[in-house]
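# Survey of secondary and tertiary structure
Listed below are the residues making up each chain.
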Amino acid sequence: MRKTATTTQRAGRIPAQAGPRDVAGVESEMAGETPTSSVSTASADPGTDTESVIPGAGPAARPGERPTVRLREDGPEEQPRYAPEWLELREPADAGARSIDLLDPLRIRLANLPGKAGVVVHDLGCGTGSMGRWLAPRLDGPQHWVLHDRDPYLLHFAAVASPRVAADGSRVTVETRRGDVGRLTPDALAGASLVTASALLDVLTREEIETLAAACTGAGCPALLTLSVAGRVDFTPSDPMDTEIAEAFNAHQRRSGMLGPDAITVACEAFSELGATVRLNPSPWRLGPAESALTAQWLRGWVGAAVEQRPELRERADRYLRARLEACEAGELSVVVHHTDLLALSRPTGGAA
């Protein structure tokens, strides 16, 4: 379930609009055809489907099926993608978790950009555009957002639901680009004022993070990279299996060369070695009874990934998950899922930040 950033194919520039649930009509207008997409979804009810764990990190239709968006029913097999329903479910928790303290040094840098009338923000692995909805209304001045993702369906969601105005009422516009983070270069970020990403670093490899750091520092633009998993989860009440499941999940996050909870350290080193000033702040999800739908879906994915990594855990993990979901439904469970936000302030190059 990789969510990768993008650099290649450019789509048309469109005015920013609100309304993620209106995406079907806008998608048809943008594509000039009737939408053919189908989305794999599942109930967010914490009391349903507790008999089996679900691999992955979000809603899935059946036990054992990863979250995915298919652009056509009869097309070639596609790599699993993030389901829009999962991204929408987690967006309020993401918004509440991101570090506000990193915004002041970022605002200072953006305010001192030489010869800039407004900022150009590249949002890597944008998903449905939650970073733009969170950040654009917190920054002053005209903004143009370049939304990157490998999934054109999610790019439509992001474009439609982008904010219209900045903090001071200035206009916000948006365009979309499709491609892969592995080919990100300073040239692709030419003219960029800021690079952002959310929940991206932990699904990248060391080489991909080094490529990202080199592109940002080569272009001389700061990077705000939020919500990287820290590898720690705190439950109230606790359970003897909490640590065992967490360790198996963290190992699953590191599969296929991905860095998982090690990503934030690697990113900090990569940016620092290239001369950037790096700041880290915690950005934990704090999930209580009011977030029970998100907690239930997160639990299914968290335990499911642990079992996928260590199949011998399945029987005990099924009992553990069932008990946790029952406590969640009863409003008796609180979870802190630890993340880290990173702000890298690269040295401006050639009079452009």
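Structure shown above.
Residues numbered from 1 in each chain as written. Predicted model: local features only at pLDDT ≥ 70, side-chain atom pairs only at ≥ 80, totals over all residues. Heavy atoms only, no water.

### Things to note about the packing of helix H2 (residues 84-97) against helix H9 (residues 292-309)
Interaxial distance between H2 and H9 falls to 10 Å at its minimum, and their mutual angle equals 120 degrees. Relative to H9, H2 is oriented oblique. For the element pair H2 and H9, the recorded crossing hand is left-handed. Residue-level inspection shows Trp86, Leu89, Arg90 and Ala93 of H2 in contact with H9, the latter providing Ala293, Leu294, Gln297 and Trp298. Grouping the constituent residues of the contact of H2 with H9 by class yields six nonpolar, one polar and one charged. (Axes fitted to C-alpha atoms, helices over the stretch in contact; angles between N-to-C directions. Helix = DSSP H or I, 4+ residues; strand = E, 2+ residues; numbered from the N terminus. Parallel < 35°, antiparallel > 145°, perpendicular 65-115°, else oblique. Left-handed = near helix turned anticlockwise from the far one by under 90°. Contact = heavy atoms within 4.5 Å. Nonpolar A, V, L, I, M, F, W, Y, C, P; charged D, E, K, R; others polar.)

### Digging into the nonpolar core
Of all hydrophobic cores here, the largest spans 34 residues; its most connected members are Phe235, Ile245, Trp285, Trp298 and Trp302. Taken together, the elements giving at least two residues each to this core come down to H2, strand E9 (223-236), helix H7 (242-253), strand E11 (285-287), H9, helix H10 (314-329) and strand E12 (334-345). Here the element with the most residues in this core is H9; it accounts for nine residues. Non-local contacts of isoleucine 245, meaning those with residues more than four positions away in its chain, are made with Trp302, Val303, Ala306, Leu313, Ala317 and Tyr320. (Core = buried A, V, L, I, M, F, W, Y, C linked by side-chain atoms within 4.5 Å. Buried < 20%, exposed > 50% of the residue type's maximum accessible area, 1.4 Å probe, protein only.)

### What about the environment of aspartate 187?
Here aspartate 187 shows up in the loop between strand E7 (172-178) and strand E8 (194-198). Owing to a relative accessible area of 68%, aspartate 187 belongs among the exposed residues under this scheme. Spatially, the C-alpha atom of aspartate 187 lies 9.9 Å from that of cysteine 216, the residues being 29 residues apart in sequence.

### Digging into the packing of aromatic side chains
The tally for this structure, following the rule as stated, stands at five aromatic pairs. Centre to centre, the rings of phenylalanine 249 and tryptophan 302 are 6.4 Å apart; their planes meet at 45 degrees, and the pair counts as tilted. Here the residue phenylalanine 249 occupies a position in helix H7, and tryptophan 302 occupies one in helix H9, the gap between them amounting to 53 residues. For the pair phenylalanine 249 and tryptophan 302, a shared accessibility class is recorded, and that class is buried. Each ring, one from tryptophan 298 and one from tryptophan 302, has its centre 5.0 Å from the other, and the planes form 20 degrees; the classification is stacked. Of this pair, tryptophan 298 and tryptophan 302 both sit in helix H9, four residues apart, roughly one helical turn. Residue tryptophan 298 is classed as buried on the basis of its relative accessible area, which comes to 9%. (Phe/Tyr/Trp six-rings, centres within 6.5 Å; stacked < 30°, edge-to-face > 60°.)

### Section: the pattern of salt bridges
Here the structure, examined in full by the defined rule, presents 10 salt bridges. Across the pair aspartate 104 and arginine 107 runs a salt bridge, and its minimum N-O distance is 2.9 Å. Note that aspartate 104 and arginine 107 are positioned in helix H3 (residues 103-111) at a spacing of three residues, about one turn of the helix. Taking relative accessible area as the criterion, arginine 107 reaches 32% and is therefore assigned partly exposed. For glutamate 175, the salt bridge goes to arginine 177, with nearest N and O atoms at 3.5 Å. Of the two residues, glutamate 175 and arginine 177, neither departs from the other in class, the shared state being buried. When salt bridges that share partners are traced, they join Glu244, Arg310, Glu312 and Arg316 into one network. (Salt bridge = Lys/Arg side-chain N within 4 Å of Asp/Glu carboxyl O.)

### Brief notes about the pairing of E7
With respect to burial, E7 is a largely interior element, six of its seven residues being buried. For strand E6 (residues 143-148) and E7, the ladder comprises six bridges, and the chain directions are parallel. Looking across to E7, one finds that valine 146 is bridged to glutamate 175. The parallel pair E6 and E7, bridged by helix H5 (residues 152-160), forms a crossover whose chirality is right-handed. (Pairing = 2+ DSSP bridges. Right-handed = clockwise from strand over helix to strand, strands pointing away.)

### Some thoughts on H7
The end-to-end C-alpha separation of H7 is 16 Å, in line with the 16 Å expected for 12 residues at 1.5 Å each. Looking at the packing, one finds that the buried side of H7 touches E9, H9 and H10. (Expected span 1.5 Å × (residues − 1).)

### Observations concerning a negative patch on the surface
A cluster of acidic residues, Glu207, Glu210, Glu269 and Glu273, forms a negative patch at the surface. Elements that contribute at least two residues to the negative patch include exactly helix H6 (206-219) and helix H8 (263-273). Mapped onto the fold, glutamate 207 is located in helix H6. (Patch = residues over 30% accessible without salt bridge, like charges linked within 9 Å, V, L, I, M, F, W, Y side chains within 5 Å. Areas by Shrake-Rupley, 256 points an atom, 1.4 Å probe, with all protein chains shown as cover. Lys, Arg positive; Asp, Glu negative; His and termini not counted. Charge placed at Lys NZ, Arg CZ, Asp CG, Glu CD.)

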